[in-house]
Amino acid sequence: MAGGVDGSPATSALQRAARRHLWRHFAPIGGEGDVPIFVRGEGCELWDEDGTRYLDALSSLFCVNVGHGRDELADAAAAQARELAYATTWDTAHPRAIELAERIAGLAPGDLNRVFFTSGGSESVESALKLARSYHHARGEPSRVKVIARELAYHGTTFGALSATGLPSVRAPFEPLMPGGCHVPHTDLYRTEAGRDPLWAADAIEERIAFEDPATVAAVILEPVQNSGGCLPPPPGYFARVREICDRHGALLISDDTICSWGRLGTWFGGQRFEYAPDIVTTAKGLTSGYVPMGAVIVSDRVAEPFLDGAVFAHGLTFGGHPVAAAVALANIGVIEDEDLLANVLRHESELQATLEDLSDLPIVGDVRGAGYFWGIELVADQATKRRFPPDEANALIDRVLAPELRGRGLIARAADRGVPVIQLAPPLIAGPEEIAEIGATLREVLAAAQRWVASR
């Protein structure tokens, strides 16, 4: 078991300070049990304060794409901090931000040539939504203020981004939200009715646009593979249909690539994996492999055009385009290229998929789905009928079995979503056969324990 089960680490100075002062995200302040405290990382591995080793099969939070402990990124940060620690990109610029913007534009698909820097994913989505409204306003269509997103989709927790997020559990405590957020069904291929048009979920977007009145819709925002709900990939042709719908009704297509960019799907951006050209891309996480906070909004020439004619996007962030973050991002992109990590993901994607699908001999395993190095395993009460667990049992399975079993066996993965047990995996792009084999072996033990728990109830 990982350190802390016997209660001893809870007496450490770090544990006491964490309990007293650190307000963790999406976690209660109080509660029993120790707080996992990681103190060192290297490659695909992490170690906690007691020296217990973990395999990071989630890239910590879908972001440590090139792995832990990379000297190249640490050295880039140190060198830049010594040369120029801070400069703003409000009314001035600095070399690293310019170089990074040019680099990103060269990697992005189509005419995505303008880059607006942020400090993270929620800020990127927030900025993109404001930009969509500002774009339409500058073109004489100020009524276009609504954004269409998918049910269960997570697009961030800042107030504007939360209006696009489709998770009731994170929306409800802060309602009423900014008006204009509309939601349509997601692409759960596992539960799509037999014989139904596979593109029905795309057509639902057009139906919602028509219902809201196209003259009021600013944008449609979608993840290439939807995270919440458990790694929901699109059916073939989905994004091509959505692109047609957006063009027909004058809505911008925003691709929320916060997770799905920088090699996660074996391509630089999600649109390249699924062959669509968005108007705006939001990104963060793997841009710096999580070594420093940074995000970006990548904008097409078409969307930038009104702002070349005198309109001003009245929005800015103190740390957007921070020199140290930009230097780390440039070094991170260099590592991805030099080590051909996109090819590594594509080379081992089928092996990871097969390893996870081999777990389907366990009756608790329902669906295995995903793309690249981004996969989910949905657990079910009945494999033959795809029957879900009742919500209370599902949550108990997550909290009492999956989460502690994963941690106790030293595998960092996500056991989510609330009400639907899904194990999510997103290993660093450097992972290969050895890590994939360990993921499969450990998950078999975890799922066998979950199967026994269900049978005992």
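Residues numbered from 1 in each chain as written. Predicted model: local features only at pLDDT ≥ 70, side-chain atom pairs only at ≥ 80, totals over all residues. Heavy atoms only, no water.

Helix 12 (residues 323-338) packs onto helix 3 (residues 71-83) with a crossing angle of 150° between their chain directions and a minimal axis gap of 8 Å. As summarised for this structure, helix 3 and helix 12 are arranged roughly antiparallel, according to the angle between their axes. Considering the relative orientation of helix 3 and helix 12, their crossing is right-handed. Contacts from Glu72, Leu73, Ala76, Ala77, Gln80 and Ala81 of helix 3 reach helix 12 at Pro323, Val324, Ala327, Val328, Ala331, Asn332 and Val335. Each residue belonging to the contact of helix 3 with helix 12 can be placed in one class, and the counts come to ten nonpolar, two polar and one charged. (Axes fitted to C-alpha atoms, helices over the stretch in contact; angles between N-to-C directions. Helix = DSSP H or I, 4+ residues; strand = E, 2+ residues; numbered from the N terminus. Parallel < 35°, antiparallel > 145°, perpendicular 65-115°, else oblique. Left-handed = near helix turned anticlockwise from the far one by under 90°. Contact = heavy atoms within 4.5 Å. Nonpolar A, V, L, I, M, F, W, Y, C, P; charged D, E, K, R; others polar.)

A word on the pattern of salt bridges. Taken as a whole and judged by the stated rule, the model has 29 salt bridges. A salt bridge links glutamate 42 to arginine 40, with the nearest nitrogen and oxygen atoms 3.8 Å apart. Here glutamate 42 falls in the partly exposed class, since its relative accessible area comes to 49%. Judged by its relative accessible area of 43%, arginine 40 falls in the partly exposed class. A salt bridge links arginine 273 to glutamate 349; the nearest nitrogen and oxygen atoms lie 2.8 Å apart. With arginine 273 in helix 10 (residues 270-274) and glutamate 349 in helix 13 (residues 341-357), this pair connects stretches of sequence that are 76 residues apart. On the basis of relative accessible area, glutamate 349 is assigned to the buried category, the value being 12%. Counted as one network, the salt bridges with shared partners bring together Asp188, Arg191, Asp367, Arg369, Glu378 and Arg388. (Salt bridge = Lys/Arg side-chain N within 4 Å of Asp/Glu carboxyl O. Buried < 20%, exposed > 50% of the residue type's maximum accessible area, 1.4 Å probe, protein only.)

So, on to the environment of proline 179. Examined against the element boundaries, proline 179 turns out to sit in the loop between helix 7 (168-171) and strand 6 (181-184). Overall, proline 179 belongs to the exposed group, its relative accessible area being 63%. Taking the C-alpha atoms as reference, proline 179 lies 26 Å from arginine 302; in sequence the two are 123 residues apart.

Further remarks concern the layout of surface pockets. A probe as big as a water molecule, rolled over the atoms, marks out the empty space that is left. Estimates place the volume of the second largest pocket at around 840 Å³. Taken together, 28 residues line the second largest pocket, and the ones lying closest to its centre are Thr89, Arg114, Val115, Phe116 and Phe313. When residues of the lining of the second largest pocket are traced back to their parent elements, those giving at least two are helix 4 (95-107), strand 4 (112-118) and helix 11 (301-308). Grouping the amino acids of the lining of the second largest pocket by side-chain chemistry returns 19 nonpolar, seven polar and two charged. (1 Å grid on protein atoms, 1.4 Å probe; cavity = no way out; pocket = protein on both sides within 12 Å on 5 of 7 lines; lining within 4 Å. Points joined across faces, edges and corners; volume = space filled by probe spheres on them.)

Read from one edge of the open sheet, seven strands run 4-10-9-8-7-5-6, paired in mixed fashion. Looking at strand neighbours, the two that pair on one side only are strand 4 and strand 6, the edges of this open sheet. The sheet shows a mean angle of 25° between the axes of neighbouring strands, direction not considered. Here strand 4 runs beside strand 10 (residues 295-300); their pairing, made up of six bridges, is antiparallel. (Pairing = 2+ DSSP bridges.)

The strand order across the open sheet formed by four strands is 11-12-15-14, and the pairing between neighbours is antiparallel. Looking at strand neighbours, the two that pair on one side only are strand 11 (365-371) and strand 14 (414-416), the edges of this open sheet. The mean angle between the axes of side-by-side strands here comes to 20°, regardless of whether they run parallel or antiparallel. Against the sheet, helix 13 makes contact with strand 11, strand 12 (374-379) and strand 15 (422-425), and its axis sits at roughly 10° relative to strand 12, the strand it touches most. Helix-sheet contacts for helix 14 (residues 391-408) involve strand 12, strand 14 and strand 15, and the interaxial angle to strand 14 is about 170°.

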